[in-house]
Amino acid sequence: MNMYIWTVILGGCIVTLLPRVLPITVMSKMKLHPKLEEFLKYIPISILSALIAVEIFTIDDKFSIMGNELEILALIPTIIIGVKKKDLLLTVVVGIISVALLRLI
């Protein structure tokens, strides 16, 4: 491989890692206000919820409940586990398994 390809690969690595590692490194040394920490704790779950809601409740870029009945049924055990266990990984696994089982039926 020539030097241009290695430069692009290295540049891609740097551009990918810097926005992820730099904020974590800087923020780990700072003491944040407890209210801000509480707010930041909910960001991952709210992003995941927004992504899931768009995927389940839209068909052809329009709001629709019809057409995604299996996924909506899979929401029931997923939401129950999410509320009771408060474990994001377990909730995602239950959602995936629920959709898989419903598609087999």
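Residues numbered from 1 in each chain as written. Predicted model: local features only at pLDDT ≥ 70, side-chain atom pairs only at ≥ 80, totals over all residues. Heavy atoms only, no water.

A.B. asks: Please explain the pattern of salt bridges as it appears in this structure.
C.D. replies: Side-chain pairs of opposite charge can arise where the charged atoms are in close proximity. For the structure on display, the rule yields 3 salt bridges. Between Glu-38 and Lys-41 there is a salt bridge whose closest N-O contact spans 3.7 Å. On the criterion of helical spacing, the pair formed by Glu-38 and Lys-41 is a turn pair, its members being 3 residues apart in helix 2 (residues 34-41). Under the relative-accessibility criterion, Lys-41 is labelled exposed at 52%. Between Arg-103 and Glu-71 there is a salt bridge, with the nearest N and O atoms lying 2.9 Å from each other. (Salt bridge = Lys/Arg side-chain N within 4 Å of Asp/Glu carboxyl O. Helix = DSSP H or I, 4+ residues; strand = E, 2+ residues; numbered from the N terminus. Buried < 20%, exposed > 50% of the residue type's maximum accessible area, 1.4 Å probe, protein only.)

A.B. asks: Quick question: what am I supposed to make of the domain arrangement of the protein here?
C.D. replies: One widely used convention gives an interface's size as the accessible area the parts lose upon coming together. According to the domain assignment, the protein contains domain 1 (1-30) and domain 2 (32-103). Between the C-alpha centres of domain 1 and domain 2 there is a distance of 31 Å. (Domains from an automatic or database assignment.)

A.B. asks: What's the story with helix 5 (residues 88-104) in this structure? I'm lost.
C.D. replies: Residues three or four positions apart in an α-helix share a direction because the helix packs 3.6 residues into each turn. Taking 1.5 Å per residue, 17 residues should reach 24 Å; helix 5 reaches 25 Å between its end C-alpha atoms and fits that length. Of all the positions in helix 5, only Thr-91, Val-94, Gly-95, Ser-98 and Val-99 are classed as buried. Burial along helix 5 is one-sided: seen end-on, the buried residues are contained in an arc of 130 degrees. Among the exposed residues of helix 5, those pointing more than 90 degrees away from its buried face are Leu-89, Ile-96, Arg-103 and Leu-104. Against the buried residues of helix 5 lie helix 4 (69-85). (Expected span 1.5 Å × (residues − 1). Arc of directions from axis to C-beta. Contact = heavy atoms within 4.5 Å.)

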